[in-house]
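# Report on the structure
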Amino acid sequence: MWGTIARVVLKFRWILLALLVSATAVMAYHASKVQLSYEFTRAIPTDNPKYQEYQQFRQLFGEDGNMMVIGVQTKDFFHHKFFNDYAELVKKVRGVKAVEDVLSVPAAANLLKDAESEKLNAAPVFPDRSMSQSEMDSCAAAFLSLPFYQGLLYNPSTSTYLMAIRINKDVLNSKARNEVVAEIVKAGEEFAKKHRVEMHYSGLPLIRTNMATKVASEMQWFLLGSIILSAVILLLFFRSVSAMVLSLAVVIIGVVWSLGTIEWCGYKISLLNALIPPLVVVIGIPNCIYFLNKFHTAFNDTDVSMPVKERKFKALHLMIERMGVVTLFCNIAAAIGFAVFALTKSAILKEFGVVAGINIMALFFISIILIPAVLSFLPAPKPRHTKYLDNKWLQRLLDKLEVWSLHNQRQIYIVTGIVLIVAVAGIFRLRTEGFIVDDLPKTDKIYTDLKFFEKHFKGVMPLEIVVDTKKKNGLRVSPLQHFEKIDSMSQFIAHHPEMARPLSIVEGLKFARQAYYEGDSASYGLPNSFDIAFLAQYLGSKDADSTGKQNNFTRIVRTFMDSTRQRARISVNMADVGTKRLPVIIDSLSQYSKQIFDTAKYNVQFTGTTVTFLEGSSFIINGLKESILWAFGLIALCMLYLFRSVRILICSLVPNIIPLVITAGVMGWAGVAIKPSTVLVFSVALGIAIDITIRFLVNYKQELQLSSKTSREIVVDTIHKTGISIIYTSLVLIAGFVIFCLSDFGGTKALGWLTSMTLVLATLTNLIFLPALLLSLVKK
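Conventions adopted
- Residues numbered from 1 in each chain as written.
- Predicted model: local features only at pLDDT ≥ 70, side-chain atom pairs only at ≥ 80, totals over all residues.
- Heavy atoms only, no water.
- Helix = DSSP H or I, 4+ residues; strand = E, 2+ residues; numbered from the N terminus.
- Buried < 20%, exposed > 50% of the residue type's maximum accessible area, 1.4 Å probe, protein only.
- Contact = heavy atoms within 4.5 Å.
- Areas by Shrake-Rupley, 256 points an atom, 1.4 Å probe, with all protein chains shown as cover.
- Lys, Arg positive; Asp, Glu negative; His and termini not counted.
- Charge placed at Lys NZ, Arg CZ, Asp CG, Glu CD.
- Salt bridge = Lys/Arg side-chain N within 4 Å of Asp/Glu carboxyl O.
- 1 Å grid on protein atoms, 1.4 Å probe; cavity = no way out; pocket = protein on both sides within 12 Å on 5 of 7 lines; lining within 4 Å.
- Points joined across faces, edges and corners; volume = space filled by probe spheres on them.
- Nonpolar A, V, L, I, M, F, W, Y, C, P; charged D, E, K, R; others polar.
- Pairing = 2+ DSSP bridges.
- Axes fitted to C-alpha atoms, helices over the stretch in contact; angles between N-to-C directions.
- Patch = residues over 30% accessible without salt bridge, like charges linked within 9 Å, V, L, I, M, F, W, Y side chains within 5 Å.
- Polar contact = N/O pair within 3.5 Å; in protein donor to acceptor, adjacent residues only side chain to side chain.
- Phe/Tyr/Trp six-rings, centres within 6.5 Å; stacked < 30°, edge-to-face > 60°.
- Lys NZ or Arg CZ within 6 Å of the ring centre and 35° of its normal.
- Parallel < 35°, antiparallel > 145°, perpendicular 65-115°, else oblique.
- Left-handed = near helix turned anticlockwise from the far one by under 90°.
- Expected span 1.5 Å × (residues − 1).
- Arc of directions from axis to C-beta.
- pLDDT = per-residue confidence, 0-100.
- Core = buried A, V, L, I, M, F, W, Y, C linked by side-chain atoms within 4.5 Å.

### Some points on the overall build of the chain
From N to C terminus, the chain includes 25 helices and 10 strands. Along the first, second and third principal axes, the C-alpha set of the chain runs to 115 × 50 × 45 Å. Burial statistics for the chain: of 780 residues in total, 59% are counted as buried. Taking as baseline every contact in the chain between residues at least 6 positions apart, the subset at least 24 positions apart corresponds to 80%. With the model as given, the accessible surface of the chain reaches about 33,000 Å², and the carbon-plus-sulfur share is 60%. Distance between charge centres in the chain, computed from 81 positive and 60 negative side chains, equals 10 Å.

This is the structure we're talking about:
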C-alpha cells in the first residue's frame, strides 16, 4: 500500500503542492484574525453545579471579580499636600473610561441623622476641594471615628490605605481592558513619582490583564526561539541550507495551520493553547529529520552506477514507503497524547486537545507532500550532506548501547527496578496544590503586590456567601433574627487569619446605628429590638430620596440584599491560600453555617471567583488524569493494530511507562505540586516519547520480515539503523522543550524541564531497556 502511496505522491506532486499552498493561504487568512482570550472561568463546564451557582449569583448581585485595588503605605497620608493630590488621583481614576465606581478615603461618606425627616442622610467626610492642614486634621479625625471603613479602606496599625476601582464587566472581557488598566497604573505611577512612594496594584482585572499580555509576548518569543534553535540544530546535523529551509517550511506551515485552526474553530488564544505553535515546531522537526535521514541512507544504498536522477527518485520512493507508516503512527500517537484532552468537559482543555490533535496530524500530511516534492526538485545530496551518517562519536556511543543492552540485561533490570522503587516512594510524596498566581515568579510585581495586600488587608480574592431564606421577603420577617445569624457568621469568618472582615447588610446596619446615636463609635454594633424598629423603614422598597438619588445606606441595602429581599450576601476578601487550604476553610465555614442556619429554613451557598477557581483547578486535574488513561488505552490499541502482537505491545508500553513513573517520583522528591500546569506533562510526554518506540519497533519488524538473521542480530542492526535518527530527534525535542524553561510562568517552565527530563529518560529506555526486553520476550 505504501509503495502505491509513494508513486502517487511523486507522480502528482505538482497538484498536491498546489493544494497545500491553497490550504495554507486559507489558514493564513484565518490566522491573521486570531484573538487573545480574556475570559477567566472557562475551566468549568456550564453544567457544573458550582458554575451554575456562580452564574446565579452574578445575576442577583452582579460581578465579584471586577475590582482592581491600589494600595499605598505612608504615615503622611493625612498631610494636606499628600491628601489633596491623592484626592485628585481618585478623580483622575474615576474619569478613566469603563471605571464605574471608586471606593477610597477621599470619597468616604458618613451617615448623619436628620431628626426632622427621621432619615439618615449621606454626607461626604472630606469636602470636594483642596484643604488646609487644619481642615485636614478635623476631617481625618471624623473619618477615623468610623469603624465601618477600618480594614476596608485603611489599616491603622500599618498606615496602609486602599483604593478599590470597579471596572465594567464587558470591558474586562475585551481587549479594551489593557488600555483601561494601563491608564489607571499610569496615573498611579505619576502620583507615586511626585510623592516618592511605592504604589501597589492588584485585583483580578490587573492579574488577568498582565497574564494575558505575558502570554501573547511569550508565545511570540518562544515561537521565534524554537524556530531559530531548530534551524541551528538542523544546520549542524545535515550541513545543508536547503534541508534546513525545507524543514523550517514544514513547521512554519504547521504553525500557520495551528493559528488558523484556533480561529476557524471559534476559539481564542489562551494561556494553554498559546503553547501549540511552539509545540508544532518541536514536534514537526522530528518528522523532517526522519524523512531526510531515510532519504540520505536510501540514496547511499542505491547503485552508484545508476543515473543520479534515478537514484534520487528511487531513494524518495523508498523514503515514503518505509517511513510513511512510521511517521503516520508516530503522529497518531503524539496526536492522541494531546487530543485526549478534548474528551474532558473543561472548555479550555477541550480547545487545546482539538487544536493540538488536528494540527499534529496535519503535520504528517504537510511533511509527506512537501518534503518529497521539494527534494525531487533539489540536486542530489552531496557527500558532506550525508557525512553525519558516519559520525564516529555516535557510532561508538551506539556500540556501547549495544553492549549494555545485549550483555548486561540482568544489571539493566536490577538498576531499573531500584530506580522505580525510589520513584514510587517519591510518588507518595506528591501533593495536589495550586494558587491563582503561583505560575508567576516570586519576584514578579503582580505576586509581590498581591502579598502586600494579603499582609495589610488579608487579601483581595473574592469569596461570596449567599444566605437564602427560601421565602420572598424572608429577610423582612423577624429581621433581627436573620441579622444576628449573619453577624455571627461574619465574626466567625473574621477570626480566620486568611480572611478580611466580611461586608454584609449587617455592617450597614451597624453603620446606621452609629449614626442614629449621633455618630458615637461605641454605638457601632448590631441593632437591638428597639433600634431595628427605627431602622426597619430603610429595608422598605423606597430606596431614593425626593431627588431620585440613592443615599449611601440604601445603596448598601441594594448591594447586599437581592430585590426580593429573600437572599442576603456576605462578601469576603481573602488571601490566595491555594487549592489545598481553601477546601479546609470553606468546609469549616460550611460546618459553622449549618450550626447557626437551620437547613430547613435557610440555604447557604459558597461561591465567587475563589470558589470557581478551586473547582476549575480540581476539574482540570481530574480531567488530565483521565486523559492520561485515555492516552494509554488509545495508544495501546494503535500499537496492537500496528504490530499484531501482545508481546510487542508490552515492549512498546513498558519503556514509556518507566520515564513517566520516574518523572512523577522526581516531582514528589523535588516538591513540585500536581496542578493543571504540571499534570499536563504526562500526556504530552507520553504522546511524544512513544514516537521513539514506534520508530525502533517498526524498523525491527520490517527487518524481521525481510531478513533471515536471528532476533539478536536484528536488534543490533535496529540499534545502529535507527539510533542516529533517534538521538538527533531526541536532541531536537529536548532542546525545543528546554526553551520553555525561560518562561516567566511556573507552569510553562515546569512543562519545559519535566518534559525534557522525561524525553531524556525515554531515549535511554528505548535504546537500552527496550532492546533487552525484546530479546527477553520476543522470539523470531
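### Brief notes about the pattern of salt bridges
Enumeration over the complete set of coordinates arrives at 17 salt bridges. With a shortest N-O distance of 3.0 Å, Glu454 and Lys451 are connected by a salt bridge. Here Lys451 and Glu454 lie together in helix α15 (residues 445–457), a separation of three residues that amounts to about one turn. Taking the relative accessible area as the measure of exposure, Lys451 reaches 31% and is therefore partly exposed. As a salt-bridge pair, Arg501 and Glu507 come within 2.7 Å of each other at their nearest N and O atoms. Residues joined by salt bridges that share partners form a network here, namely Asp487, Arg501, Glu507 and Lys510.

### A word on the layout of surface pockets
Within this model, the second largest pocket holds a volume of roughly 580 Å³. Lining the second largest pocket are 24 residues, with Lys294, Thr297, Asp301, Asn699 and Lys721 sitting closest to its centre. Here the residues of the lining of the second largest pocket are counted per class, giving eight nonpolar, nine polar and seven charged.

### Remarks on the sheet that holds strand β9 (residues 567–574)
Read from one edge of the open sheet, three strands run β9-β8-β10, paired in antiparallel fashion. At either margin of the open sheet sits one strand with a lone partner, and together these are β9 and β10 (603–607). Taking the axes of each pair of neighbouring strands and ignoring which way they run, one obtains an average angle of 15 degrees across the sheet. Pairing analysis gives five bridges linking strand β8 (residues 461–468) to β10, with the strands arranged antiparallel. When the sheet's bridge partners are listed, Glu464 is paired in β10 with Thr607. This element, helix α3 (residues 49–61), spans β8, β9 and β10 of the sheet and lies at about 100 degrees to β10.

### Considering a nonpolar patch on the surface
A cluster of nonpolar residues, Trp221, Leu224, Ile228, Val232 and Leu236, forms a patch on the protein surface that exposes about 540 Å² of accessible area. Following the sequence through the fold, Leu224 ends up in helix α8 (residues 204–238). A residue is classified by how much of its surface remains accessible, and Leu224, at 45% relative accessible area, is partly exposed.

### Some words on the side chain of His200
Tracing the backbone shows His200 in strand β7 (residues 199–202). A polar contact is formed between the side chain of His200 and the side chain of Asp449, at a distance of 2.9 Å. Contact partners of His200, with chain neighbours within four places excluded, come to Val69, Ile70, Gly71, Asp449, Phe452 and Phe453.

### Quick look at the packing of aromatic side chains
Describing an aromatic ring pair means giving the distance of the ring centres and the angle of the ring planes. Taken as a whole and judged by the stated rule, the model has 32 aromatic pairs. Their ring planes at 70 degrees and their centres at 4.9 Å tell us that Phe77 and Tyr86 sit as a pair that is edge-to-face. Residue Tyr86 is classed as buried on the basis of its relative accessible area, which comes to 1%. Taken together, a centroid distance of 5.8 Å and an interplanar angle of 55 degrees make the contact between Phe338 and Phe352 tilted. Here Phe352 lies in helix α12 (residues 347–377) and Phe338 lies in helix α11 (residues 308–339), a separation of 14 residues in the sequence. Each member of the pair, Phe338 together with Phe352, is buried. Seen from the ring of Phe299, Arg311 lies directly overhead, with NZ or CZ sitting 4.2 Å from the centre.

### Points about the packing of helix α4 (residues 80–94) against helix α7 (residues 176–195)
In a pair of packed helices, the angle between the axes and the distance between the axes together describe the arrangement. The geometry of α4 relative to α7 is characterised by a closest axis approach of 10 Å and an angle of 170 degrees between their N-to-C directions. Comparing their axes, α7 and α4 come out roughly antiparallel. Between α4 and α7 lies a crossing whose hand is right-handed. Contact residues: α4 offers Lys81, Phe82, Asp85, Tyr86, Leu89, Lys92 and Val93, while α7 offers Ile184, Ala187, Gly188, Glu190, Phe191, Lys194 and His195. Class assignment of the residues belonging to the contact of α4 with α7 gives a composition of seven nonpolar, two polar and five charged.

### Quick notes on the pairing of β8
Counting buried positions over the eight residues of β8 gives eight, a clear majority of the element. Residues of β8 alternate between two faces, with Met461, Leu463, Ile465 and Val467 on one and Pro462, Glu464, Val466 and Asp468 on the opposite face, all of them buried. Bridging between β8 and β9 involves eight bridges; their strand directions are antiparallel. The residue bridging Val466 from the neighbouring strand is Arg569, located in β9.

### Thoughts on unusual backbone geometry
Residue Ala98 is not a glycine yet carries a positive backbone phi of 85 degrees. Relative to the helices and strands, Ala98 resides in the loop between α4 and β2 (99–103). In this structure, Asn473 is a non-glycine residue whose phi angle is positive, near 60 degrees. Here Asn473 is to be found in the loop between β8 and α16 (479–494).

### Some details on helix α2 (residues 13–31)
In a regular helix each residue adds 1.5 Å, so 19 residues correspond to 27 Å; α2 covers 26 Å between its end C-alpha atoms and thus fits that length. Of all the positions in α2, only Arg13, Leu17, Leu20, Thr24, Met27, His30 and Ala31 are classed as buried. Viewed along the axis of α2, the buried residues span an arc of 140 degrees, placing them on a single side of the element. Set apart from the buried face of α2 by more than 90 degrees, the exposed residues are Trp14, Ile15, Leu19, Val21 and Tyr29. For α2, the secondary structure elements touched by its buried residues are α1 (2–11), α9 (241–264), α11 and α12.

### What to know about the confidence of the model for the chain
The share of residues in the chain with pLDDT of 70 or more is 94%, and the mean pLDDT across the chain is 84. Low pLDDT, under 50, characterises residues 538–553; the predicted model gives this stretch 35 contacts beyond four residues in sequence or across chains.

### A look at the nonpolar core
The biggest cluster of nonpolar side chains holds 157 residues, and the ones touching the most others in it are Ile694 and Leu774. Among residues more than four places away in sequence, those in contact with Ile694 are Val326, Phe329, Cys330, Ala333, Met639, Leu642 and Phe643. Listed in part, the 103 residues of the second largest apolar core include Met68, Ile167, Tyr524 and Met574.

### Some thoughts on the environment of Thr607
Examined against the element boundaries, Thr607 turns out to sit in strand β10. Residue Thr607 is classed as buried on the basis of its relative accessible area of 2%. Considering only alpha carbons, one finds Thr607 and Tyr51, 556 residues apart in sequence, at a separation of 8.7 Å.

### So, the packing of helix α21 (residues 609–643) against helix α22 (residues 646–670)
Relative to each other, α21 and α22 sit at 145 degrees, their axes nearing to 8 Å. Handedness of the α21/α22 crossing: right-handed. In this structure, α21 contributes Phe632, Ala636, Met639, Leu640 and Phe643 to the contact, and α22 contributes Val646, Ile648, Leu649, Ser652, Leu653, Ile657 and Leu660. Across the contact of α21 with α22, the residue classes break down as 11 nonpolar, one polar and no charged.

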